[in-house]
Amino acid sequence: MKGRNMTRWRDPAKDPRQEPKSHLITAEGAERLRGILDHLSRVKRPALSAKVGEAAALGDRSENADYTYNKKELNRVIARIRYLTKRLDELQVVDRLPADTGKVYFGAFVTLEDEEGEEMAIRIVGHDEIDPAKRWISVDSPLAKALLGKPLDEEVTVAAPGGETTYVITEIAYRDPEK
């Protein structure tokens, strides 16, 4: 049977999507997720429930596009609320600086220099906080795994799609979670 929900078969042992993800999150990331959960449960869900109720009161639901759309949207919001509630329960909030701030650990802002002298600033964060626009990468990514525990001026080689790339750590900084 073919259809839009069918995907190609992947060996679970080799599928990178099946790798266990760390349950670490920064304090500000956890606060952001709690804010999203609060907004969805206090504002969005009641508003959608009211819209579904109004649309249902109009009569025949089988041809009522407003009812169908809002019901689907309500189900999507309920699923997101359920996911966030479960995810927040299993996350471990990292709310303190590491003992040795001279090495790269979770939550670090790291500046790297490649072989051509190009600088790249990244931050190592949890899976739920990644943001390519800000260059916040997951602690589970190959680059972050290569950087963890390394001191300043250390050379790090990372396997990339275009071949191996070597970086030098030029700066390590941490944001104090208390501020």
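Bear in mind the structure is a predicted one, so any value in this text is a computation, not a measurement.

What counts, and where the lines are drawn
- Residues numbered from 1 in each chain as written.
- Predicted model: local features only at pLDDT ≥ 70, side-chain atom pairs only at ≥ 80, totals over all residues.
- Heavy atoms only, no water.
- Pairing = 2+ DSSP bridges.
- Helix = DSSP H or I, 4+ residues; strand = E, 2+ residues; numbered from the N terminus.
- Buried < 20%, exposed > 50% of the residue type's maximum accessible area, 1.4 Å probe, protein only.
- Contact = heavy atoms within 4.5 Å.
- Salt bridge = Lys/Arg side-chain N within 4 Å of Asp/Glu carboxyl O.

Asks: Now, about the pairing of strand β6 (residues 155–160): what can you tell me, with residues and values included?
Replies: Across 6 bridges, β6 lies against strand β7 (residues 163–173) in antiparallel orientation. Across the sheet, the residue bridging to Ala159 is Glu164, located in β7.

Asks: So, the side chain of Thr165: which residues are in play, and what are the values?
Replies: In this fold, Thr165 is placed in strand β7. Classification of Thr165 as buried rests on a relative accessible area of 18%. Apart from the residues lying within four places of it in its own chain, the contact partners of Thr165 are Glu115, Val156, Thr157, Val158 and Ala160.

Asks: How would you sum up the pattern of salt bridges? Please name residues and give values.
Replies: Across all of its chains, the model carries 7 salt bridges by this definition. Measuring nitrogen to oxygen at the nearest pair gives 2.6 Å for the salt bridge that ties Arg76 to Glu73. Placement of the pair is Arg76 and Glu73 together in helix α2 (residues 65–90), with a separation of 3 residues, close to one helical turn. Its relative accessible area of 15% is what places Glu73 among the buried residues.

Structural measurements only, silent on function.
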